[in-house]
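The chain contents come next:
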Amino acid sequence: MVAKEMKFLTGNIRQLLGSGHPSLDTVAKYYTQGEGKHVRPLIVLLIDILPSQRRLAEITELIHTASLLHDDVIDHSVSRRGNPSANLEFGNKMAVLAGDFLLGRASVALARLRDPEVTELLATVIANLVEGEFMQLKNTARDEKNPVWTKETITYYLQKTYLKSASLISKSARAAALLGGSDTATVDAAYLYGKNLGLAFQLVDDMLDYTVTAEELGKPAGADLELGLATAPLLFAWENNKELGALVGRKFEKEGDVARARELVLQSNGLEQTRALAEEYVNQAIASIEMFPESEAKAGLIEMAHKTLKRRN
Ligand code: 2DE
Ligand code: MG
Ligand code: MG
Ligand code: MG
Ligand code: MG
């Protein structure tokens, strides 16, 4: 049922992005050609399939794609979904504008749903994405005077991760349930499912950045360390490793720091701990929707949660 829906998704999105400006059309539609996983629309449509939820599914993918266009500029990325990134292909200015355009069209589609609560949720997501990215720019909450791994470090990482990844998934799952007229308990369950899945999803993304090749990922590998980012695998490795702490402390600024940090992370059990934490969130996601009546859709949501741990891109 959902598979049939998904076939129309990309076509509908491309329709929402028509502008009459040929070069803007090209950049705006660029990431709709690649191999997206469409995780967010899939979750929305697994919750229910009403016309308003179809529109919501498109909106979630528009917001996600806008964030990728901007993310690739910020990360100086050169590839996405197996193709050259938009910033590489068309330049930063076009990529940023295309992302803004997608947000504009997403906002129009959102307004047309005529549902203030859903509008507020998705508008909040857009702000959350920026907040998460901002927290990431600051990298860690480490107190300059206290350069050791602390509980706050992972808490900060998880907060950032909620904002930059799980907010969109959780709030769109909540919005989908609201549009379906679900009761409060169901709406909350949908939100919790999305929140836990979103956290697992980004933990796995941060793990794959260390373990999978760029070819398999369809985007650069090893990018996070290159950007000086301390993600979960590194944070866990750092917990018992003073040398890594020192490298993080100086933000990998010296020649060879990145390579050494990578070595230390790979030697540690940081990747295993990251995977284990992701698995905990997957289990929590599944537990969140226990109250859903047994159905094909519920089975689909559970399968998606399990697949999060198995994915290689
Ligand atoms: C994915 O992280 C980034 C998600 C949030 C990006 C948010 C931005 C603020 P990654 P990958 C850029 C602007 C938001 C808008 C326009 C809504 O790990 O590994 O860099 O896929 O993702 O590159
Ligand atoms: Mg994706
Ligand atoms: Mg990126
Ligand atoms: Mg990024
Ligand atoms: Mg990543």
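Residues numbered from 1 in each chain as written. Chains lettered and ligands numbered in written order. Predicted model: local features only at pLDDT ≥ 70, side-chain atom pairs only at ≥ 80, totals over all residues. Heavy atoms only, no water.

**Student:** Requested: an account of the coordination of the magnesium ion (ligand 3), with residues and values cited.
**Tutor:** At this site the magnesium ion (ligand 3) is bound by Asp 71 (OD) and Asp 75 (OD), with donor distances of 2.0 to 2.2 Å. A distance of 3.1 Å spans the gap from the magnesium ion (ligand 3) to the magnesium ion (ligand 4), which Asp 71 bridges by coordinating each metal. A single burial state applies to Asp 71 and to Asp 75, both of which are buried. (Donors = N, O, S within 2.8 Å, 3.2 Å for Na, K, Ca; no water. Buried < 20%, exposed > 50% of the residue type's maximum accessible area, 1.4 Å probe, protein only.)

**Student:** If you had to explain the domain arrangement of the protein chain to someone new, which residues and values would you point to?
**Tutor:** Taken domain by domain, the protein chain holds domain 1 (1–114) and domain 2 (115–313). Of note, the centres of domain 1 and domain 2, computed from C-alpha atoms alone, are 21 Å apart. The interface of domain 1 with domain 2 comprises 33 residues on the first partner and 34 residues on the second. Between domain 1 and domain 2, the buried area comes to about 2700 Å², and carbon and sulfur atoms account for 75% of it. (Domains from an automatic or database assignment. Contact = heavy atoms within 4.5 Å. Buried area = accessible area lost by both parts, 1.4 Å probe.)

**Student:** Can you lay out the site of ligand 1 for me, pointing to particular residues and giving the numbers?
**Tutor:** Residues in close proximity to ligand 1 total 15 residues, the closest being Asp 71, Asp 75, Arg 80, Lys 164 and Lys 219. A distance of 2.7 Å is found between an oxygen atom of ligand 1 and a side-chain nitrogen or oxygen belonging to Arg 80. Note that an oxygen atom of ligand 1 is positioned 3.2 Å from one of the side-chain N or O atoms of Asp 205. Put simply, the parts of the chain that give the shell around ligand 1 at least two residues each are helix H4 (51–74), helix H7 (116–137) and helix H9 (184–211). (Near = heavy atom within 4 Å. Polar contact = N/O pair within 3.5 Å; in protein donor to acceptor, adjacent residues only side chain to side chain. Helix = DSSP H or I, 4+ residues; strand = E, 2+ residues; numbered from the N terminus.)

**Student:** Could you give an account of the pattern of salt bridges, with specific residues and numbers?
**Tutor:** Tallied over the full model, the rule gives 16 salt bridges. One salt bridge connects Glu 226 with Arg 262, and the closest N-O pair in it is separated by 3.8 Å. Placement of Glu 226 in helix H11 (residues 223–226) and of Arg 262 in helix H14 (residues 257–267) is noted, with a sequence separation of 36 residues between them. Under the relative-accessibility criterion, Glu 226 is labelled exposed at 58%. Within the structure, one salt-bridge network assembled from shared partners comprises Asp 71, Asp 72 and Arg 80. (Salt bridge = Lys/Arg side-chain N within 4 Å of Asp/Glu carboxyl O.)

**Student:** Break down a nonpolar patch on the surface for me, citing the residues and quoting the values.
**Tutor:** Together, Ile 74, Val 130, Phe 134 and Leu 137 make up an exposed nonpolar region whose accessible area comes to about 400 Å². Inspection of the secondary structure puts Leu 137 in helix H7. (Patch = residues over 30% accessible without salt bridge, like charges linked within 9 Å, V, L, I, M, F, W, Y side chains within 5 Å. Areas by Shrake-Rupley, 256 points an atom, 1.4 Å probe, with all protein chains shown as cover.)

**Student:** Please set out helix H16 (residues 296–310) residue by residue, giving values where relevant.
**Tutor:** Look at H16: 21 Å from first C-alpha to last across 15 residues, which is about the 21 Å you get at 1.5 Å a residue. Next to the buried residues of H16 lie helix H3 (39–47), H9 and helix H15 (270–288). (Expected span 1.5 Å × (residues − 1).)

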